[in-house]
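Notes for the structure review
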Amino acid sequence: MIDLHCHYLPFVDDGADSLEEAIALATASAHDGIRHAVLTPHVFPGQWDNTRSSLAAGFEAFRAALRTSNLPFDVSLGGEVRLLPESLELAERDELPTLGTWEGRRVVLLELPDSHIPAGTHNAVAYLQARGYQPMIAHPERNKDVMRDPRRVLPLVKQGCLLQLTAASVTGQFGSKALKTSLVLLDGGHVTAVASDAHNLAHRPPRMGMARMALATRYGVDAAMQLTEFNPGRIIGMLPSDPVASDPQAASQAEQGG
Ligand SMILES: [Fe+2]
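First, a word on what this report is: a plain description of the structure on this page. (Residues numbered from 1 in each chain as written. Predicted model: local features only at pLDDT ≥ 70, side-chain atom pairs only at ≥ 80, totals over all residues.)

Here's the deal with helix α8 (residues 176-187)
The line we're drawing: Think of it this way: any DSSP run of H or I at least four residues long counts as a helix, any run of E at least two long counts as a strand, and we number them from the N terminus. Here the expected length of a helix is defined as 1.5 Å per residue gap, with one fewer gap than residues. Using C-beta atoms placed from the backbone, we call a residue buried if 20 or more other C-beta atoms fall within 10 Å of its own, exposed if 12 or fewer do, and partly exposed for counts in between. Arc, as used here, means the arc of the directions from the helix axis to the C-beta atoms. Whether two residues are in contact depends on their C-beta atoms, placed from the backbone: they are in contact if these lie within 7 Å.
Taking 1.5 Å per residue as the helical rise, α8 with its 12 residues ought to reach 16 Å, and the 16 Å between its terminal C-alpha atoms agrees with that figure. Regarding α8, the residues found buried are Ala-178, Thr-181, Ser-182, Leu-185 and Leu-186. Looking straight down α8, one finds its buried side chains confined to an arc of 135 degrees; they lie on one side. Exposed and oriented more than 90 degrees from the buried face of α8 are Ser-176 and Asp-187. Contacts from the buried residues of α8 go to α5 (144-148), β9 (162-166), α7 (167-170) and α9 (208-219). Of the residues flanking the end of α8, it is Gly-189, one or two places downstream, whose phi is positive at about 70 degrees.

As structure tokens, this is what we get:
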């Protein structure tokens, strides 16, 4: 599996607070069946003042330390960007960390407040889209507006946002409302990826394996793989995109043997 959302990079947010804990989280990930994790420290101006540049040296040091552990596990650097005016300024300065690309656009993982969908969200999304970013909304199933009515997130989907659910929501570990909301969004085919959002071993461990099993039980193995492996892999560039699936003209030529 490929994990698009976790907080292992030590010392930069509310995730790992030592190199030992970070390595332990990576080890737990590998044992869970995750082979690549995009490290997504909070980029939250005023609270976690991280930027693409400021995170780079710490990331390289962690990756070097990880390599000495000989785990079958690799990492890349992204970020979980709080949707604030100051974050849009970071986009202007090319300082937003991104997960990878989706249809040629850089994927930015956007965090909304848990309480509601702020009034300016659509304008902010349009602002990012106009600058070549592909917004992906992090854990919409944990947003109280969306929990009350999952349809509240659909205008963002229609606008072109991708959705990422948290594994613990899909397994029911975050409660019945998060589970119910997750299932509505999954049933509607609105979800691109399920990720761990792991922070620590005690309370927020990396457990994508259980989520993949739950997804496979309800939606089938192919759908479970799509959400935990193929779509995330496509974003980080580990799997070639499928021209037949993404290009109707190519599909037509393939059917005709062309
Ligand atoms: Fe997160």
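The rest of the description comes next.
Brief notes about the environment of Ser-196
Topologically, Ser-196 is positioned in the loop between β10 (193-195) and α9. Residue Ser-196 is classed as buried on the basis of its C-beta count, with 29 C-beta atoms lying within 10 Å. Taking the C-alpha atoms as reference points, Ser-196 and Ala-124, 72 residues apart in sequence, are found 26 Å from one another. Sequence-distant contacts of Ser-196, defined by excluding residues within four places in its chain, comprise Asp-3, His-5, Cys-6, Ala-167, Pro-206, Arg-207 and Met-208.

What to know about the sheet that holds strand β2 (residues 36-39)
For clarity, the threshold we go by: Two strands are said to pair when DSSP picks up at least two bridges between them. Helix axes use the C-alpha atoms of the stretch in contact, all axes being lines fitted to C-alpha atoms, and the angles between their N-to-C directions lie in the range 0 to 180 degrees.
Taken in spatial order, the 3 strands line up as β1-β2-β4 in an open sheet, and their pairing is parallel. The two strands at the open ends of the sheet, each matched to only one other strand, are β1 (2-6) and β4 (74-77). The average undirected angle you get between the axes of adjacent strands in this sheet is 25 degrees. The sheet contact formed by β1 and β2 spans 3 bridges and is parallel. Bridge assignment links Ile-2 to a residue of β2, and that residue is His-36.

Description of the packing of α9 against helix α10 (residues 221-236)
Under the convention used in this document: Crossing handedness follows the turn of the near helix against the far one: under a right angle anticlockwise gives a left-handed crossing, and clockwise gives a right-handed one. Side-chain classes follow a simple rule in which Ala, Val, Leu, Ile, Met, Phe, Trp, Tyr, Cys and Pro form the nonpolar group, Asp, Glu, Lys and Arg form the charged group, and the remainder, Gly included, forms the polar group.
At their nearest, the axes of α9 and α10 sit 7 Å apart, and the two run at 140 degrees to each other. α10 is crossed by α9, and the crossing has right-handed handedness. Where α9 abuts α10, its residues Met-208, Arg-212, Leu-215, Ala-216 and Tyr-219 lie against Val-221, Ala-223, Ala-224, Leu-227 and Thr-228. Residue composition of the contact of α9 with α10, grouped by class: 8 nonpolar, 1 polar and 1 charged.

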